[in-house]
Amino acid sequence: MRLSGKVAVVTGGAQGMGRAIALRFAQEGASVLIADLGLEAAQQTASEIAASGGRAVGMVADVRDQEQVRAMIDAAVAQYGGLDILVNNAGVGRILPFLETTEKDWDFMFDVNCKGLLWCSQAAARVMIEQGRGGKIINLASQAGRRGEALALAYCASKACVISVTQSTALALAPHKINVNALAPGIVDTPFWIEVDKQFAKLLDLPVGEPKRRFTAEIPLGRIEQPEDVAGVAAFLASSDADYITQQCYNVDGGNWPS
Ligand SMILES: NC(=O)c1ccc[n+]([C@@H]2O[C@H](COP(=O)([O-])OP(=O)(O)OC[C@H]3O[C@@H](n4cnc5c(N)ncnc54)[C@H](O)[C@@H]3O)[C@@H](O)[C@H]2O)c1
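Residues numbered from 1 in each chain as written. Predicted model: local features only at pLDDT ≥ 70, side-chain atom pairs only at ≥ 80, totals over all residues. Heavy atoms only, no water.

Which residues make up unusual backbone geometry, and what are the values?
The phi dihedral of Lys177 is positive, around 60 degrees, even though this residue is not glycine. Turning to its location among the elements, Lys177 is positioned in the loop between helix H5 (153-173) and strand E6 (178-185). A positive phi angle, near 55 degrees, is found at Asp205, a position not held by glycine. Relative to the assigned elements, Asp205 resides in the loop between helix H6 (191-204) and helix H7 (210-217). (Helix = DSSP H or I, 4+ residues; strand = E, 2+ residues; numbered from the N terminus.)

Laid out in structure tokens, this is it:
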């Protein structure tokens, strides 16, 4: 139990990778606050954790709203007596041609993926600094943040921003022994990719499911990534085994991208 006695907040924890990370953290002994846009979905993950003997609570928090973000961090402290780990997992993506990418699309992705991540990190860091016992912040970047993609300009840019914000935040918080790192997953089998597949299929005039099949066929390790593949690395970065690691972004993508 690597996270025994720790308190974690996971944004976007109702489904996909956030859910897997919340479940894994609870298995490792952490108490977990799961925040998401919908209360029922967040509570569902918390109930699964409770049913297997873990400690978790679900609540609504839109990471774009600074007041809701403060309330989320306050709730974790009120419920579990402190805060040790923040996972900035909430994220959104849209597949769009270059010429059809609008201000609204750009703002939507940057508001959630970048601004929301910053508000959550600031709110969590204030508590961690005050506590004086260090902490861990883990940001969900993407292989999309390592490169450009013709049909994912704004999403790629927002995830490159996550990598940059991770580096700056790590340097700002290093004096407080707060480690800040990012994960760059590849093609992960979550509800997110069901939507991405549909959007690619429409733009490329392919049957639904075919884009996912083609992209997956190119993964060196030969299978689609599961949310649990990411959760294990997140648990490592949240643990004391990673106390000397900060400012890094780890590719967890089956070998899709080399650096
Ligand atoms: N699925 C992939 O292939 C993949 C690959 C690389 C990176 N990522 C990133 O990993 C993270 C998780 O992805 P996923 O595949 O599990 O996504 P998902 O869409 O399955 O789940 C994302 C969760 O975030 C929540 N969310 C969205 N906007 C929010 C907001 N404003 N405030 C709070 N919660 C919000 C959603 O309600 C949802 O529960 C995202 O940041 C995503 O960009 C995904």
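Give a detailed account of the pairing of E6, specifying residues and quantitative values.
Most of E6 sits out of view: 8 of its 8 residues are buried. Of the two faces of E6, both are covered, the one formed by Ile178, Val180, Ala182 and Ala184 as well as the one formed by Asn179, Asn181, Leu183 and Pro185. Examined bridge by bridge, strand E5 (residues 135-140) and E6 share 6 bridges and lie parallel to one another. Residue pairing across strands places Gly135 opposite Ile178, the latter belonging to E6. Pairing analysis gives 4 bridges linking E6 to strand E7 (residues 249-252), with the strands arranged parallel. Among the inter-strand pairings, Ala184 is bridged to a residue of E7, identified as Asn251. (Buried < 20%, exposed > 50% of the residue type's maximum accessible area, 1.4 Å probe, protein only. Pairing = 2+ DSSP bridges.)

I'd love a proper account of the pattern of salt bridges, names of residues and values included.
Under the definition given, this model contains 15 salt bridges. Note that Asp105 is salt-bridged to Arg94, the shortest N-O span being 3.1 Å. Linking Asp105 in helix H4 (residues 103-131) with Arg94 in the loop between strand E4 (85-88) and H4, this pair joins segments that are 11 residues apart in sequence. Accessibility expressed as a relative area gives 9% for Asp105, which makes it buried. We classify Arg94 as partly exposed; its relative accessible area is 29%. With its nearest N and O atoms 2.6 Å apart, the salt bridge here joins Lys136 to Asp243. One end of the pair, Lys136, is in strand E5; the other, Asp243, is in the loop between helix H8 (227-238) and E7, and 107 residues separate them in sequence. A relative accessible area of 8% means that Lys136 is categorised as buried. Three or more residues joined by partner-sharing salt bridges are found here, namely Arg2, Arg24, Glu28 and Asp241. (Salt bridge = Lys/Arg side-chain N within 4 Å of Asp/Glu carboxyl O.)

Can you explain H5? Please cite residues and give values.
If you check H5, its first and last C-alpha atoms are 30 Å apart, about what 21 residues at 1.5 Å a residue would give, namely 30 Å. When we look at burial in H5, the residues that qualify are Ala154, Tyr155, Cys156, Ser158, Lys159, Val162, Ile163, Thr166, Thr169, Ala170 and Leu173. In this structure, the buried residues of H5 make contact with H4, E5, E6, H6 and E7. (Expected span 1.5 Å × (residues − 1). Contact = heavy atoms within 4.5 Å.)

Residue-level account of a nonpolar patch on the surface, with values.
Together, Phe98, Leu99, Trp106 and Leu153 make up an exposed nonpolar region whose accessible area comes to about 450 Å². Along the chain, Leu99 falls in the loop between E4 and H4. (Patch = residues over 30% accessible without salt bridge, like charges linked within 9 Å, V, L, I, M, F, W, Y side chains within 5 Å. Areas by Shrake-Rupley, 256 points an atom, 1.4 Å probe, with all protein chains shown as cover.)

Pulling in residues and values, what's your account of the environment of Leu83?
Here Leu83 lies in the loop between helix H3 (66-80) and E4. Along the chain, Leu83 and Asp189 lie 106 residues apart, while their C-alpha atoms are 30 Å from each other. In this structure, Leu83 is in contact with Val7, Ala8, Val9, Ile73, Ala76, Ala124, Val127, Met128, Gln131 and Arg133, ignoring residues within four places of it in sequence.

A description of the domain arrangement of the chain should follow, citing residues and the corresponding values.
For an interface, size is often stated in terms of accessible area lost upon the parts coming together. Assigned domains of the chain: these are domain 1 (7-186 + 226-251) and domain 2 (188-224). Centre-to-centre separation of domain 1 and domain 2, based on C-alpha positions: 24 Å. The interface is formed by 17 residues belonging to domain 1 together with 12 residues belonging to domain 2. Together domain 1 and domain 2 conceal approximately 1200 Å² of surface at their shared face, both sides included; 66% is due to carbon and sulfur atoms. Contact with domain 2 buries surface across domain 1, with Ile95, Leu151 and Gln226 losing the most and accounting together for 44% of the total. (Domains from an automatic or database assignment. Buried area = accessible area lost by both parts, 1.4 Å probe.)

How would you sum up the side chain of Thr166? Please name residues and give values.
Inspection of the secondary structure puts Thr166 in helix H5. One polar contact links the side chain of Thr166 to the main-chain carbonyl oxygen of Val162, over a distance of 2.6 Å. Every residue in contact with Thr166, bar those within four places of it in the chain, is listed here: Asn139, Val180, Asn181, Ala182 and Gln248. (Polar contact = N/O pair within 3.5 Å; in protein donor to acceptor, adjacent residues only side chain to side chain.)

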